[in-house]
Amino acid sequence: MAHGNLARRRGGTTTGGGSRGLRETAGRYALLPLRVFLGVTFVYAGFDKMTGGTTTLKASGSGSIGELMHSVRDSSAIPALVDLALKSPVGFGYAIAIGEVAVGLGILIGLFGRLAALGGALISLSLWLTVSWATTPYYYGNDLAYLMAWLPLVLAGTPLLSADAWLASRRRLRTA
């Protein structure tokens, strides 16, 4: 009972109450705001592409995905990746858009959280190496920041308030 705090045993761990309990709770839920932000952002970005928002899914013309890819081809880190996408810019645009929606929903629901986060990281990596590679200084480009934001979720998954947690508890109940 140092400093007058009474320690309690709960679930095999010692909690000192007060600020320590609050810190532990905050630590458990620390990735939740990131999940919500990335999930909503990627769902929005995918639907924005599919509905003709900022970039239209056309092979050519003003504001088209094809025009965007042609404009970044020579300044990208991997021009061959842009060349591959230019073989079917509309198909590539839909693949990215559908991938963004799937990743966003997966991370929001918390279903296959690590896989969804890995998908988001790969989308962000590919966009960083192609579209925003030439952005200077590098911190003006958002794709690298999104890539870094996905990495904690790749490592931690979606252990709270998620379909993954629900499925894990169901498995534990069946084996108990």
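So, here is what we can say about the structure in this document.

Calculation criteria
Residues numbered from 1 in each chain as written. Predicted model: local features only at pLDDT ≥ 70, side-chain atom pairs only at ≥ 80, totals over all residues. Heavy atoms only, no water. Helix = DSSP H or I, 4+ residues; strand = E, 2+ residues; numbered from the N terminus. Buried < 20%, exposed > 50% of the residue type's maximum accessible area, 1.4 Å probe, protein only. Contact = heavy atoms within 4.5 Å. Areas by Shrake-Rupley, 256 points an atom, 1.4 Å probe, with all protein chains shown as cover. Axes fitted to C-alpha atoms, helices over the stretch in contact; angles between N-to-C directions. Parallel < 35°, antiparallel > 145°, perpendicular 65-115°, else oblique. Left-handed = near helix turned anticlockwise from the far one by under 90°. Nonpolar A, V, L, I, M, F, W, Y, C, P; charged D, E, K, R; others polar.

Across its full length, the protein chain holds eight helices and two strands. Scored against the burial criterion, the 176 residues of the protein chain give a buried share of 32%. In the protein chain, once contacts between residues fewer than 6 apart in sequence are set aside, the share between residues at least 24 apart is 65%. With an accessible surface of roughly 10800 Å², the protein chain has 66% of that area assigned to carbon and sulfur atoms.

Okay, the packing of helix H2 (residues 32-50) against helix H7 (residues 142-156) next. Helix-helix packing is described using two parameters, namely the angle between the two axes and the distance between the axes. H7 packs onto H2 with a crossing angle of 130° between their chain directions and a minimal axis gap of 10 Å. Judged by the angle between their axes, H2 and H7 are oblique. Our pair here, H2 against H7, has a crossing hand that is left-handed. On H7, the residues touching Leu 34, Arg 35, Phe 37, Leu 38, Thr 41 and Phe 42 of H2 are Tyr 146, Ala 149, Trp 150, Pro 152 and Leu 153. Taken together, the residues that form the contact of H2 with H7 break down as nine nonpolar, one polar and one charged.

Functional significance is not addressed by these values, which are geometric in nature.
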